[in-house]
Amino acid sequence: MTKGLSISAAEGKVGILLVGLGAVSTTTIAGVMAIRKGLAKPIGALTQMGTVRLGKRTEGRAPAIKDFVPLPGLDNLVFGGWDIFEDNCYEAARTAGVLDTATLDQIKDELSAVVPMPAVFDRQYVKRLDGPNLKKGRNKKDLAEQLVDDMRRFKSAHQLDRLVMVWCGSTEIFMQPTAAHQSMAAFEKALEASDPSIPSSMIYAYAAIREGIPYANAAPNLSADIPALLELAQDSGSPVAGKDLKTGQTLMKTMIAPGLKARLLGVQGWYSTNILGNRDGEVLDDPESFKTKEESKKSVLDYILQPSLYPDLYSDIHHVVRINYYPPRGDNKEGWDNIDLVGWLGYPMQLKINFLCRDSILAAPIVLDVALFLDLAKRAGLSGIQEWLSFYFKSPMHAPELYPEHDLFIQLMKLKNTLRYMRGEELITHLGREYYD
Ligand SMILES: NC(=O)c1ccc[n+]([C@@H]2O[C@H](COP(=O)([O-])OP(=O)(O)OC[C@H]3O[C@@H](n4cnc5c(N)ncnc54)[C@H](O)[C@@H]3O)[C@@H](O)[C@H]2O)c1
């Protein structure tokens, strides 16, 4: 057994600052408040309901994750955030229409007390949105300084010990790394010059990371995933995770595809389409925002199926992903997948998946887990990309020389082994020879 990491206690209160108080954020915040009151259960959250097996299968040790690693209790979380709309969290949750009014009314007072701070926002990066609750600044650097002030003020007003920031704002247009993103010096110069290659999400990420605050990105836009901000994260000791929460169709894809590959069943085509009627769907109706999402969703199969290792099975897949904005469904997304499979001797088969899911109901426990695990990472002295949190993301951040791991089951093993490693417990390899030798 190793020593494990030295992890400071999860004492005091933690502020969870969410950028964007839309469907995902309000479902997370209202959910935690409802759970605190005993009105509901934290279904889907590993930090609340998960267990981790320790030692040999014969030992019968499987503590709750929250007893195994020090995590803040839900009573010690304080929520805040920014939005381009002025609605408080109760009003925003009503607009999002995910949770029923009866539930929201039972937590109305605490929910209404979460009022968004004015946002850093530029329509150039999210074409389908506009709102009144905005900051004004001389340049992007000045806007970042205003965000830093917001965070410091929030921390002292609520007497918090630590903060975590999660970008739950809208998906920004597709952007690729530029020279301004390559080093901190170039990035800070570009902030001063209000360079167009710095979208709003990067300004938030910069502000959080510079303060040493853990930062996660629930959306697919680049945000912190650039060399400059990763360099800053190493220097400031800020752990970082992203991108794009793995919910709905992609969650299913990363469960099914590893199974097909495990049995060496070929795939000729995978057609995924879905209808979605919330504001996220409306933003994604813009081709430039959709492109960011599409890139995030499409890479998954290539990495899981490894066509270069299995050319006969996966080298010629027609992978199509569509998102259709369809207002009557609101947040209740419906996804269809048609998978054209090939079996023994090339005989074709089909698999159809019809997932009637609730987007934000799947996303909220992930936001909670990611925030609590990032707070843990910070207390354990980990900084930069937290690959063990890949489990939660469609486009997991990874070191430049690596390919990302998308297989949900490998991701879970990595996550739990990281927890064991932190606590100095034996890693589980599943070899199991010792039971028979
Ligand atoms: N729901 C899911 O299952 C899921 C899964 C993966 C990723 N995501 C991503 O999470 C993000 C949030 O999803 P949602 O369903 O809550 O969307 P939403 O449209 O309901 O909420 C986004 C909120 O962000 C605000 N916003 C946009 N830009 C902002 C800025 N610069 N500063 C402050 N606020 C800003 C908007 O006003 C809006 O209230 C989206 O990018 C979405 O693609 C969601």
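Right, let's walk through the structure included here. (Residues numbered from 1 in each chain as written. Predicted model: local features only at pLDDT ≥ 70, side-chain atom pairs only at ≥ 80, totals over all residues. Heavy atoms only, no water.)

### A closer look at the site of the ligand
Moving on, step 1. Near the ligand you find 32 residues, and of these Val24, Asp83, Val120, Gly169 and Thr247 are the closest.
Moving on, step 2. Within the backbone of aspartate 359, an N or O atom sits 3.1 Å from an oxygen atom of the ligand.
Moving on, step 3. Notes on the ligand: free accessible area 840 Å², of which the protein chains cover 99%.
Moving on, step 4. If you list the elements that add at least two residues to the shell around the ligand, you get α1 (23-36), β2 (77-83), α9 (200-210), α12 (279-284) and α15 (359-379). (Near = heavy atom within 4 Å. Polar contact = N/O pair within 3.5 Å; in protein donor to acceptor, adjacent residues only side chain to side chain. Areas by Shrake-Rupley, 256 points an atom, 1.4 Å probe, with all protein chains shown as cover. Helix = DSSP H or I, 4+ residues; strand = E, 2+ residues; numbered from the N terminus.)

### Here we look at the side chain of glutamate 387
Moving on, step 1. Its location among the elements puts glutamate 387 in the loop between β11 (384-385) and α16 (408-422).
Moving on, step 2. Side-chain polar atoms of glutamate 387 contact the side chain of lysine 414, separated by 2.7 Å.
Moving on, step 3. In contact with glutamate 387, other than residues within four places in its own chain, are Met397, His398, Leu402 and Lys414. (Contact = heavy atoms within 4.5 Å.)

### What about the packing of helix α11 (residues 248-262) against helix α13 (residues 287-305)?
Moving on, step 1. The geometry of α11 relative to α13 is characterised by a closest axis approach of 10 Å and an angle of 15 degrees between their N-to-C directions. In terms of orientation, α11 lies roughly parallel with respect to α13. Remark: the crossing between α11 and α13 carries right-handed chirality. Between α11 and α13, the residues in contact are Gln249, Thr250, Lys253, Thr254, Ala257, Pro258 and Lys261 and Lys297, Val300, Leu301, Ile304 and Leu305, respectively.
Moving on, step 2. For the contact of α11 with α13, the residue count by class is six nonpolar, three polar and three charged. (Axes fitted to C-alpha atoms, helices over the stretch in contact; angles between N-to-C directions. Parallel < 35°, antiparallel > 145°, perpendicular 65-115°, else oblique. Left-handed = near helix turned anticlockwise from the far one by under 90°. Nonpolar A, V, L, I, M, F, W, Y, C, P; charged D, E, K, R; others polar.)

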